[in-house]
Amino acid sequence: MSDAELRSRLMAGDLDALAHAYDQHGPYVYGVAVKVTGSRAHAEEITQNVFVALWQEPRSYDPALGSLRGWLVGRALHESALRSKVG
C-alpha cells in the first residue's frame, strides 16, 4: 500500500491502515527512539505517541513532502529532543 493510500485510509478512520503503518514502521521508529533516548521505556512512549498522532491527525502527514517513515521518524526525533530537554 502506498503512503498516499495509507493516509487516505487513515483519514477515513480505517484501523487496519494504522495497524499496517505500525507493522511497517513501528520497529524502525522504536529503534531510532531507543538510540536517541537510551531508554526503552521512553522509546516505547515516544513510539506510541507518534502513532497516536498519526491516527488523530492523519492530515498532518503529506505524502507529497516525503515518505511516511520519514515523517514518523521526524516526529520521534522531535519528541526525543523535547524529552531530553525536560528530563
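Whatever comes next refers back to the structure up there.
Residues numbered from 1 in each chain as written. Predicted model: local features only at pLDDT ≥ 70, side-chain atom pairs only at ≥ 80, totals over all residues. Heavy atoms only, no water.

Caption draft 1: Representation of the overall build of the protein in the model. Within the protein one finds 4 helices and 0 strands. From first element to last, N terminus to C terminus, the protein shows the α and β order α-α-α-α. Relative to the 2.2 N^0.38 estimate, which gives 12 Å for 87 residues, the radius of gyration of the protein is 13 Å and therefore close to what a compact globule would have. Along the longest, intermediate and shortest principal axes, the C-alpha atoms of the protein span 35 × 20 × 20 Å. For the protein, the proportion of its 87 residues judged to be buried stands at 31%. Nonlocal contacts in the protein, meaning residues at least 24 apart in sequence, comprise 62% of its contacts between residues at least 6 apart. Charged side chains in the protein number 9 positive and 10 negative. The centres of these two groups are separated by 8 Å. (Helix = DSSP H or I, 4+ residues; strand = E, 2+ residues; numbered from the N terminus. Rg over C-alpha atoms; globule rule 2.2 N^0.38 Å. Buried < 20%, exposed > 50% of the residue type's maximum accessible area, 1.4 Å probe, protein only. Contact = heavy atoms within 4.5 Å. Lys, Arg positive; Asp, Glu negative; His and termini not counted. Charge placed at Lys NZ, Arg CZ, Asp CG, Glu CD.)

Caption draft 2: Fine view of the side chain of Ser80. Its location among the elements puts Ser80 in helix 4 (residues 68-86). In contact with Ser80, other than residues within four places in its own chain, are Ala33, Val36, Thr37 and Ile46.

Caption draft 3: Structural detail: the pattern of salt bridges. One pass over the full model with this rule turns up 1 salt bridge. The shortest N-O distance in the salt bridge between Asp14 and Arg9 comes to 2.8 Å. In this structure Asp14 comes out as partly exposed when scored by relative accessible area, which is 22%. According to the relative accessible area criterion, Arg9 is partly exposed, its value standing at 26%. (Salt bridge = Lys/Arg side-chain N within 4 Å of Asp/Glu carboxyl O.)

Caption draft 4: Structural view of the environment of Leu6. Locating Leu6 in the fold gives a position in helix 1 (residues 3-11). The exposure class assigned to Leu6 is buried, which follows from its relative accessible area of 4%. With 10 residues separating them along the chain, Leu6 and Asp16 place their C-alpha atoms 9.6 Å apart. Beyond its immediate stretch of four places on either side in the chain, Leu6 contacts Met1, Ala17, His20, Ala21 and Leu68.

Caption draft 5: Local environment of the packing of helix 2 (residues 15-37) against helix 3 (residues 40-56). Where helix 2 meets helix 3, the axes come as close as 8 Å, and the angle between the chain directions of the two elements is 145 degrees. As helix 2 packs across helix 3, the resulting crossing turns out to be right-handed. Of the residues in helix 3, those touching helix 2 at Leu15, Leu18, Ala21, Tyr22, His25, Gly26, Val29, Tyr30, Ala33, Val34 and Thr37 are Arg40, His42, Ala43, Glu44, Ile46, Thr47, Phe51, Leu54 and Trp55. (Axes fitted to C-alpha atoms, helices over the stretch in contact; angles between N-to-C directions. Left-handed = near helix turned anticlockwise from the far one by under 90°.)

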